[in-house]
Every structure is written in structure tokens, then in C-alpha cells.
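The primary structure of each chain is shown beneath.
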Amino acid sequence: MRAIDVKTGMKIPWDVRYSLSLFIFLSSIIFLSNGQDYGMPGEDGGGGAEPPPEMAQCNGIFMSYNFGSREREYPHVKNVTAQSWAFKSTAMIVNAGREELKGWQMFIGFRHKELIVSATGATPMDGDYPLDASNGTTFVGSPNMDLKTSIETAGDFTQISANIEITGTLFGVSKAVTPMPRTIKLTNDGWECPAAKRKGGSMHVCCKRNPKIKNKTGLKTKFAPRRYGDLNIVYDVLQSFDSNYLAQVTIDNDNPLGRLDRWNLTFEWMRGEFINTMRGAYTHKKDPSECLYSKAGQYYKDLDFSQVMNCQRKPAISDLPPEKKEDNVTGKLPFCCKNGTLLPPIMDPSKSRSMFQLQVFKLPPDLNRTALYPPQHWKIDGVLNPQYKCGPPVRVDPSQFPDPSGLLAVTYAISSWQVVCNITKPKAQASRCCVSFSAFYNNSAVPCNTCACGCNDIDTDTCNANSNPLLLPPDALLVPFDNRTLKAKSWAKQNHMPVPKKLPCPDNCGVSINWHVSTDYKNGWTARLTVFNWRDFAFEDWFVAIDMGKAGPGYENVYSFNGTRVPPSNRTVIFQGLPGMNYLVGQVNGTNPLRDPPVPGKQQSVISFTKKNIKGLNIPEGDGFPTKLFFNGEECALPKHFPKKSSGHRRGISVSMSFVFATIAAFALMMD
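Predicted model, so just to flag it, every value in this text is computed and none were measured.

A. Examining the overall build of the protein more closely. Of the regular secondary structure elements, the protein holds 8 helices and 40 strands. Buried residues in the protein amount to 46% of all 672 residues. Across the protein, contacts joining residues at least 24 apart in sequence account for 69% of those joining residues at least 6 apart. Total accessible area computed for the protein in this model is approximately 36100 Å², and 54% of it derives from carbon and sulfur atoms.

Here it is, written out as C-alpha cells:
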């Protein structure tokens, strides 16, 4: 069969006609497809994916998570649980409701030992990269911290949504299994999310306002509301020029048991900035060559970099000593120059804040007054203090300050960001102080745990880092670990306790605390607290806090310290030295250094408790020992066991009971 061309009258073969028709049809499809754009509105080129159909049914905050791909990492191992995989995934959050969402916080419940290496479009609240997200992590917007509504933006997706592209490593999942999170949810106050729905490598959820939770009727804020953690840092821009600005950093300790000594603060400049001058603090390194051979040296050709404070991308900053407080150049700033000491507000509110200022120079393309970007990846640490994990800087409403003229007026910062840091619980064998237990009814002391403060700096081939410590006579706690070996072996032999061939490693702690139950009677009981400082420097304004659990409300008095209950439960008591006794001196040599062991710094007091109105209190069964103990805010490692009246071993028999048994045995022999 042939077709006829109407113009020429020529007959066209059917197979040629079919081919031309198919070509025209396919060309039309391609043309129409290119004419339709399923990309997110507002995206360059419209190259995004089509919005999920489930989002059309959401009248709130829509969130989704899509697993992308993974690749086996080196080393390749046969054990599935030990094999690591590099993975990529994408998360999305969209405001599909009528209410603007400020300071959005999206929690992704990772559960496969994920290590997040990078993420675009958001920043994790829980720390810096690489981030251990084994128990999940919360992302906050960066730079898009707030999600406006579609109504007020005419559906501009760049303002109502955020996409997070995640890259990381995961463990312990076979190739046939898609490693999905346990859940995704919005963690902002007042919002509730049902269980996320999952299909294959995707999951989504629609979160809505909880009608039972009323919105706070406080002052409306333009930016995210301020949050409060254990340690709060505010980065205020006070003055701004085209090429530089003046910033003020304020650090507030808001935890009743938190503390920092000789704090060190680090952060990371992301846009080539450098510190020209500082007041109230200093950087640890001042190297002009780092400036000269950087982009700063290329741009600021006439600047004398020998006078510049610091050009490091990650500067290390410390507080000034007290003698610099009245210095006209570096001092004369409120709350500065305390040698890096931040006390709990319950001890001294005037010493719970630090402050310093820095002049920051910028580089192109940020050479205008409104191009202001805070540093990222904040970290802060002290000498023997809690471990803090800091979140990202979050834009908040400008800080207010009293007018310097003394008038009843208020001045505002140009821009303000807040960094929230929270105390983390120390991991096993990672504490910096430890506790030993002893009691009047047991002649053995339970020493600090083996490697309580780590064993990284010692040769574990000569000792066992995983065995329990040997029980000791109480007086052995007064001497350094290196001088306890003979006492421990002799005590074990005397009490018929086994001694392993490979002895336990030391605790390696610079500070140890002994808790000794002294008496136990019908209406009350007493304990003795002894603090040992094995370091070569003193601790000023030291404190010890104990959580006594059930026995806590029975606290009555302390005789050589100041004692203060910590509300609201009153189960925790904080102890500090009396005036003139607030120094815990460091370790010193013995009377004869060649013969006598070093002597630790020591503070000691007796503490009394009542049993009134506390039912079922059993001191020997554990109620007489702290459930938590803190030294200068650092949670100390507690022993795994406590002394008992009857432990089933001869080592648990007290001296008095041994005397009673010996008397009974002698009387029986005499009767024979």
C-alpha cells in the first residue's frame, strides 16, 4: 500500500510514511515536555522535583525524607555490622499552612550509627561535622531559618521551604535493606506530629499546631525567639562600616551546676574575616605571616599586619587575667578579665557572665554595612569542667543595652545571633574526676573505677584497663596510685581476696572525691566528704554538688563548707569552701621527696542528714551514697559498687563483726 503526495503526486512507500509520522509524534512529545516545568517555583531553571502529592493534603508543616544512594566504603569487611557505607539523602520541610514558622527545627531519627559529614540548606544543632547522629539529630535553617506562608509570598518556594542534602556514613545494614530513619518530626514548641508514613526509600509527615497549647502572648519577635540552654552565647554587632564591624560576645552560665575555668573559645570564619583588635580577651596565636599570605594580605595592601590580632580561620580565644581589667587598650569592659572563670549563678551571679569585644575586618564581596555574617562551629571548654556541645548561631532580635549617657533610654545592637550550648554526659572512661566509696560498717574502701578518666596516656600492656579495681584499706586513698600497689596486694592477702597477675590500671583522674558513710542511727545519719586534688595547680572557688536521690530532702547541715539546696526538687546540694577556704591547693611533695609520696590538696567536712518524713530509707543498701556527684560542674565517675554490710565475701565483714565472731568462737572452745 502506498500514499500519494498531494503536491507532487508521487507515491510515498508506507514504511517511510510510518517513520515520518513516528518522528513528528515523538518530536511533539519532547516539545510539550520541555514546555512544562515541574520544578519548584522560584528555583533557577525550575530543575527541581515535582512536589509530592501528599503535600496537597497537608494544612500545616510538611516534611519528607528520601534516601538517595549508598556506596560501600573501605575497609571492606565480612562482618555486616562493622561495614561502613557512604550515603546520600535529601530532606525537605515546607510551610503548607497559614502561620509563619520561625526558627524551624527538624528532627531526623537516624538509627544506623550515622555519621553526618555535611549538609546543605541547614545546620545541625548538636555540634560540628563530622557529627555522631546515632540517636538522631535536629537540623535548623541556614540561611533560611524562618518559613513564610504561601499566602504572603505568592507561593514562592524559596521562602516557604528548605531542602537539606545530607552526606554521611552509616554502619550495620545489609545491601538488601534501605536504611531509613526511625522518624521525622518538627520539634518547635506547640506543634505535634503523627507517626511518619513510609513507602520504600521515602517517608513523610504533616505536623499541625496543637490546639490545646496556646500561643505565648509575649512580645512578637521579628526573628527566632531566644532559647536558653546551660551556656548561652550572644554575638552582637554594635557598629558597622563598609569593610569592618565591631562585635561583642557575651557568655552567660545559666546552669545551677555548670561552670568553666580558664575557658577557651573557638569558632570558624566562613568568609575570610580576620580579627584586627580585641578588648577583654586575647587570641593564643598572633602570626602576621598568616595574614600577609592570605586573601586579606592581597586586599588590604596598606594595612600593617604586625599589629593585627589574628588571621586564623579558627582562632582560639581566652579571657584576660584580672590584672588587665583596668588596661586602657585591652581592658575596661564589664564582666571581663576573670581568668576565664564562669561560676554558677547560685554561687555568685556577678561571676556567671563573661564579655569581650572584637573588631572584625571583611573581604569582598561583603564590603557593605549590611553584609554581616557570624562565625560558625562554636566550641567552648575549660580545665576541669563539663563538656559542652554548641549549636549553630541563630538570628534573634537585636539585644538591648542601657544608654551610655545615663538617660532612661535603650540602645539596640545592629544585629544579634545566639549560640546555645548544653552540657553532655561524659562517656565511659572520659570523665575528669572520680569518686570512691567507703563506710563505717565495711573495712574496705571501693576505689575509683579503672581508667575512670581514660587510659590513653599509659601503656595498657602492663595493666588491665577493663578489670575492676582492687579493694583498698581506707588510708590507701591518701596516697597516689603508684604508691598503692603494695598496700592493695597486702590488703588482698590479709582479706583472702584474689589478686590478678595483671593488675588493674589507675583511674588517671586529677581530682578524686571520697564519700564515707560515718554513722547510721534511728533518726538520722552522717557522711564525710573529702576532696583530693592530685594536680599541681589550685582550684579557686571550687564546689562539689551531690544528688542524693531519695535521701536528698533529709539534708540538714555541713560543718566545714557552705551548703545550699538546689531547687526545685531539693535532692541536690551544692557545697563550697567557706571564706578563706575557697582554694583547693594542688599536690605538693612529701616531707622527704626521696622517701615520702606526694601529698594531694585536700578539703573535708562532715555532713548530717535526717530520716524524718522519708519512708523506707536504707543507708547500707545504697540510699546513703550519691546517685550523681559533680566537681566544678563536671560529672564525676561513680564506682560500680558500694560497700555493703553483707556482701557474701569475707572482705565485706567489718572489723567489729569480726571481733564478735572471734569472741563467740573462743567462748565455744572454752565450753568444750
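Next comes the rest of the description.
B. A look at the side chain of T341. Structurally, T341 is set in the loop between β20 (316-319) and β21 (353-361). Each residue touching T341, except ones within four places of it in the same chain, is listed here: R259, L260, D261, R262, W263, K351 and S354.

C. Examining the pairing of strand β39 (residues 628-631) more closely. As paired elements, strand β33 (residues 543-547) and β39 share 4 bridges and run antiparallel to each other. Bridge pairing links D547 to K628 in β39. The pairing of β39 with strand β40 (residues 634-635) spans 2 bridges and is antiparallel. Across the sheet, residue F631 finds its bridge partner in β40, namely E634. In textbook terms, the turn of a hairpin is the stretch between consecutive antiparallel strands, and for β39 and β40 this stretch comprises 2 residues, one of which, N632, has a positive phi near 50°.

D. Quick peek at the pairing of strand β36 (residues 572-577). Burial within β36 is extensive, with 6 of its 6 residues counted as buried. Residues of β36 alternate between two faces, with T572, I574 and Q576 on one and V573, F575 and G577 on the opposite face, all of them buried. For β33 and β36, the ladder comprises 5 bridges, and the chain directions are antiparallel. Each residue of the ladder has a partner; that of I546, found in β36, is V573. Note: strand β35 (residues 561-566) against β36, 6 bridges, orientation antiparallel. Looking at β36, one finds that R565 is bridged to V573.

E. Broad picture of unusual backbone geometry. Look at the link from Y74 to P75: it is a cis peptide, with omega at 0°. Locating P75 in the fold gives a position in the loop between β3 (61-72) and β4 (84-95). Looking along the chain, the bond that leaves P364 and enters P365 is cis, with omega of 10°. Its identity is not glycine, yet K332 carries a phi of approximately 55°, on the positive side. You can call K332 partly exposed: its relative accessible area is 48%. Its identity is not glycine, yet C337 carries a phi of approximately 60°, on the positive side. Looking at where C337 falls in the secondary structure, it is placed in the loop between β20 and β21.

F. Geometry of the confidence of the model for the protein. Mean pLDDT over the protein works out to 85, with 87% of the residues at or above the 70 mark. Scored below 50 in pLDDT, residues 1-12 shows 14 contacts in the model against residues more than four places distant or in partner chains. The low-confidence segment residues 647-672 (pLDDT under 50) makes 20 contacts with residues lying over four places distant or belonging to another chain.

G. Up close: the environment of M55. By the element assignment, M55 lies in the loop between α1 (14-35) and β3. Residue classification places M55 among the buried positions, given a relative accessible area of 13%. C-alpha separation for the pair M55 and N95, spaced 40 residues apart in sequence, amounts to 9.8 Å. The contact partners of M55, leaving out residues within four places of it in the chain, are F62, V94 and F157.

H. Quick look at the pattern of salt bridges. Per the counting criterion, the structure on display carries 12 salt bridges. The residue E268 makes a salt bridge to R313 at a minimum N-O spacing of 2.7 Å. Taken together, the positions of E268 in strand β17 (residues 264-268) and R313 in the loop between α5 (295-299) and β20 put the pair 45 residues apart, joining distant regions of the chain. Its relative accessible area of 9% is what places E268 among the buried residues. Linking K285 and E290 is a salt bridge whose minimum nitrogen-to-oxygen distance equals 3.1 Å.

I. Structural view of the sheet that holds strand β9 (residues 137-141). Judged by pairing direction, the sheet is antiparallel, and its 4 strands sit side by side in the order β7-β9-β5-β11 without closing on themselves. In this open sheet, the two strands that pair with only one neighbour each are β7 (122-124) and β11 (184-186). For this sheet, the mean angle separating the axes of adjacent strands, direction not counted, is 30°. Summarising the sheet, strand β5 (residues 105-108) and β11 pair through 3 bridges and their orientation is antiparallel. Along β11, the bridge assignment pairs I108 with I184.

J. Region of the structure containing the packing of aromatic side chains. In this structure the tally under the stated criterion is 23 aromatic pairs. A centroid spacing of 4.9 Å and a plane angle of 85° characterise the contact between Y299 and Y300, whose relative ring orientation is edge-to-face. Overall, the relative accessible area of 12% leaves Y300 in the buried class. The interplanar angle of 70° and the centroid separation of 5.9 Å between the aromatic rings of Y555 and F575 together place this pair among those described as edge-to-face. With Y555 in strand β34 (residues 555-558) and F575 in strand β36, the pair connects residues that are 20 residues apart, well separated along the chain. Accessibility expressed as a relative area gives 0% for F575, which makes it buried. When the ring centre of W85 is taken as origin, the NZ or CZ atom of R70, which lies over that ring, is 4.5 Å away. It is R262 that lies over the ring of F537; its NZ or CZ is 4.8 Å from the centre.

K. Layout of the environment of S569. Assignment of secondary structure puts S569 in the loop between β35 and β36. For S569, a relative accessible area of 46% gives the class partly exposed. With 20 residues separating them along the chain, S569 and G549 place their C-alpha atoms 9.6 Å apart.

Parameters at a glance
- Residues numbered from 1 in each chain as written.
- Predicted model: local features only at pLDDT ≥ 70, side-chain atom pairs only at ≥ 80, totals over all residues.
- Heavy atoms only, no water.
- Helix = DSSP H or I, 4+ residues; strand = E, 2+ residues; numbered from the N terminus.
- Buried < 20%, exposed > 50% of the residue type's maximum accessible area, 1.4 Å probe, protein only.
- Contact = heavy atoms within 4.5 Å.
- Areas by Shrake-Rupley, 256 points an atom, 1.4 Å probe, with all protein chains shown as cover.
- Pairing = 2+ DSSP bridges.
- pLDDT = per-residue confidence, 0-100.
- Salt bridge = Lys/Arg side-chain N within 4 Å of Asp/Glu carboxyl O.
- Axes fitted to C-alpha atoms, helices over the stretch in contact; angles between N-to-C directions.
- Phe/Tyr/Trp six-rings, centres within 6.5 Å; stacked < 30°, edge-to-face > 60°.
- Lys NZ or Arg CZ within 6 Å of the ring centre and 35° of its normal.

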